[in-house]
Amino acid sequence: MLRLFSKFKPFDWVLIALLTGVVIVQVYFDVHLPDYSAELMRRLTETNILTGMRYSTADIWRTGGRMALYAAGSLGASIVGGFMAAYLASKLGRQIRDDLFSKVQAFGFEETGRFSTASLITRSTNDIGQVQMVAMLLLRVAISAPVTAIWAITRINQSSWEITLTTAIAIGILILVLLVLCIFALPKFRLIQKLTDRLNAVTRQNLTGLRVVKAYNADKFEQAKFGEVNKELNSANLFANSIMGMMMPVLMLVINGVNLAIFWIGAHLINTGSLSFPDLIQFSGLVMQVLMAFIMISMLLVMTPRAQVSARRISEVLNTKEKIKDPEAPKQFDESKQGEIEFDNVSFKYPNAENNILENISFRVGKGQTAAFIGSTGSGKSTLINLVPRFYDISDGSLKVGGVDIREVRQEDLRAKIGYVPQKGVLFGGTIESNIGYSGWKLLTGEKDGSFELSDNNKSLETIKKAAHIAMAEEFIDGLKDGYQSKVSQGGKNFSGGQKQRMSIARAVAAEPEIFIFDDSFSALDYKTDREVRARLKKHLKGATCLIVAQRIGTIMDADLIVVLEEGKIVGKGTHKELLKSCEAYKEIALSQLTEEELK
């Protein structure tokens, strides 16, 4: 967990040094308060040796006033220290969240697949919350508790070794109890975080697929599934909290036992003349401070095991090395081959898979041409086009864009050339304008207070409207009350599948890329809209290269190159007319959708 403290900036370490000073000042006031308690008791009960009279009221008020000033000083230092510790812990939590999110954003699909979505959400929220809470306590207790204990014990030892020994025995018992409890509780805390992941996964899956759950009357089944995980989490929590719940009774037993021992030993020392009653009050106050310091340490130790598990889970993500990295000396694209894509004997298999998904894929698409991919389900069509934006790295061969192997250029530069439209239309919370103009958001130069700031979207409304026209999204947008300022709910749930798909196409068009990738992006459109959208794309985007995955023959008939895939291998490539003559697999697919007359 202490490794995460490296997230503090130099200025934060200055604040930590100041916090240390504030805490020491507070400890100074706290440790000297029993002196004034004893002095006040002495002035109230004893007689002045020089005058033979009891101390005056003015003397008592002066002593009480100093005691009040020390108490006020301790209160002030405690408030300042608490504020500084809360500020530093919150800043640490924010920095870890920023780093964790940035790390996940840098992951390729291989790294993302290693951690479930639910687990990443838990690590970004619950785990960081645990670390932040313990960090705040650690910034105060880790300094104040040991200093208080050592300072108080030193002062006690100067006058009474008996009371010092009693205090040492009590501390030993406390430490032993804490160690035993932590040994039993730590494995359960690890289990609790894993079960929290599972609970989040079940909840997320249920909420995402709520329509299917309702349609199949699977409410009770989902409740039972949730209840099973919830029961396991409850059992783990109950066991861990029961163990930790034993701590307070043990602490109170030790505190009361020490109090009893101190007064019993103190009474004996008073009888022998070795100790006065005010001194006993002073030592009692110091011993209570020692014990309270260890109670604070025990609270820290109670919370630390779970925070340690959380910190380890956070570090697992932060320490994961991305497989897909930018080259140290990135190359520039060849402008004379702008928009060209070339697969040269490319093979690919997913991480930890035994067999290749794609084998010996070779073809070339020139600038402004359209290449289409068709084949049975699982033939590798989507996998193939996902290699172009370098979502995965190829296993063998060479994949070139703009005349350069994509592993030799920066990922940012590569993806700036691509307009990607997934099969499932993905929209973000905001407005229609912000979704279509999504590629226009740019970061301001540098960072401010550790967080990025966005500049204004540089996509004009005219550009966005033109993109919506090409994607035939303007038809329904113009019918909305607020037009392009209409709200889009999370995931675009307030729009139909076809509307989301058309807005996704418009978003790619607004990016004005050199290469378009359509991953079965016309599947939610009817034949008429499909045909019209493709006609507009062809008319307005003449210089752009297009890669299209489709199931409909009608969608790809006009492509310059059609690649037919079966089990990850090319079984035919050419134009529609060529494939009807030369590729039996393509002909079978075509005849299953259209008649021979329609094909002609």
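Our structure is the block above this text.
Now for a quick tour of the structure. Predicted model only: the values in this text are computed from it and were never measured.

Definitions and limits used
Residues numbered from 1 in each chain as written. Predicted model: local features only at pLDDT ≥ 70, side-chain atom pairs only at ≥ 80, totals over all residues. Heavy atoms only, no water. Helix = DSSP H or I, 4+ residues; strand = E, 2+ residues; numbered from the N terminus. Buried < 20%, exposed > 50% of the residue type's maximum accessible area, 1.4 Å probe, protein only. Pairing = 2+ DSSP bridges. Axes fitted to C-alpha atoms, helices over the stretch in contact; angles between N-to-C directions. Salt bridge = Lys/Arg side-chain N within 4 Å of Asp/Glu carboxyl O. Patch = residues over 30% accessible without salt bridge, like charges linked within 9 Å, V, L, I, M, F, W, Y side chains within 5 Å. Areas by Shrake-Rupley, 256 points an atom, 1.4 Å probe, with all protein chains shown as cover. Lys, Arg positive; Asp, Glu negative; His and termini not counted. Charge placed at Lys NZ, Arg CZ, Asp CG, Glu CD. Phe/Tyr/Trp six-rings, centres within 6.5 Å; stacked < 30°, edge-to-face > 60°. Lys NZ or Arg CZ within 6 Å of the ring centre and 35° of its normal. Contact = heavy atoms within 4.5 Å.

1. Quick look at unusual backbone geometry
Unusually for a residue other than glycine, Asn 345 sits at a positive phi of about 55°. You can see Asn 345 is positioned in strand β1 (residues 341-348). Judged by its relative accessible area of 40%, Asn 345 falls in the partly exposed class. One non-glycine residue, Glu 512, lies in positive phi territory at about 50°.

2. Some details on the sheet that holds strand β11 (residues 561-566)
Sheet architecture is open: six strands sit in the order β6-β9-β10-β3-β11-β12, paired in mixed fashion. Two strands close off the open sheet at either side, each with one partner strand: β6 (418-421) and β12 (569-574). Put simply, the sheet's adjacent strands are angled 15° from each other on average, direction ignored. For β6 and strand β9 (residues 515-519), the ladder comprises four bridges, and the chain directions are parallel. Residue pairing for β9: Tyr 420 is matched across the bridge by Ile 517.

3. Focus on the pairing of β12
Successive residues of a regular strand alternate their side chains across the two faces of the sheet. Looking at chain direction, β11 and β12 are connected through five bridges and run antiparallel. Each residue of the ladder has a partner; that of Val 563, found in β12, is Lys 573.

4. Re the sheet that holds strand β5 (residues 404-405)
Read across the open sheet, the four strands follow the order β2-β1-β4-β5; overall the sheet is antiparallel. Edge strands, defined here as strands with exactly one partner in the open sheet, are β2 (358-365) and β5. As paired elements, β1 and strand β4 (residues 396-401) share five bridges and run antiparallel to each other. Bridging across to β4, Ile 341 finds its partner in Val 401.

5. Some details on the pairing of β1
With five bridges connecting them, β1 and β2 associate as antiparallel partners. From the neighbouring strand, Val 346 faces β2, where its bridge partner is Ile 361.

6. Considering the pattern of salt bridges
Within the structure shown, the criterion is met by 16 salt bridges. A salt bridge links Glu 514 to Lys 417; the nearest nitrogen and oxygen atoms lie 2.7 Å apart. Here the residue Glu 514 occupies a position in the loop between α15 (497-510) and β9, and Lys 417 occupies one in the loop between α11 (411-415) and β6, the gap between them amounting to 97 residues. With respect to class, Glu 514 is no different from Lys 417; both count as buried. Because the salt bridges share partners, they merge into one network encompassing Asp 530, Arg 534 and Arg 552.

7. Here we look at a negative patch on the surface
Negative charge collects at one region of the surface, where Glu 566, Glu 567, Glu 584 and Glu 588 lie side by side. You can see Glu 588 is positioned in helix α19 (residues 584-593).

8. Considering the packing of aromatic side chains
Inspection of every chain in the model, using the stated rule, returns 15 aromatic pairs. Seen from their ring centres, Phe 516 and Phe 518 are 5.7 Å apart, and the 5° between their planes marks the pair as stacked. By relative accessible area, Phe 516 is classed as buried at 0%. Within the aromatic cluster, the residues linked to one another by ring pairs are Tyr 28, Phe 29 and Tyr 70. Of note, Arg 552 hangs over the ring of Tyr 527, and the distance from its end group to the ring centre comes to 4.6 Å.

9. As for the side chain of Arg 123
One can find Arg 123 in helix α4 (residues 117-157). With a relative accessible area of 6%, Arg 123 lands in the buried category. Beyond its immediate stretch of four places on either side in the chain, Arg 123 contacts Leu 100, Phe 115, Ile 128, Arg 313, Ile 314, Glu 316 and Val 317.

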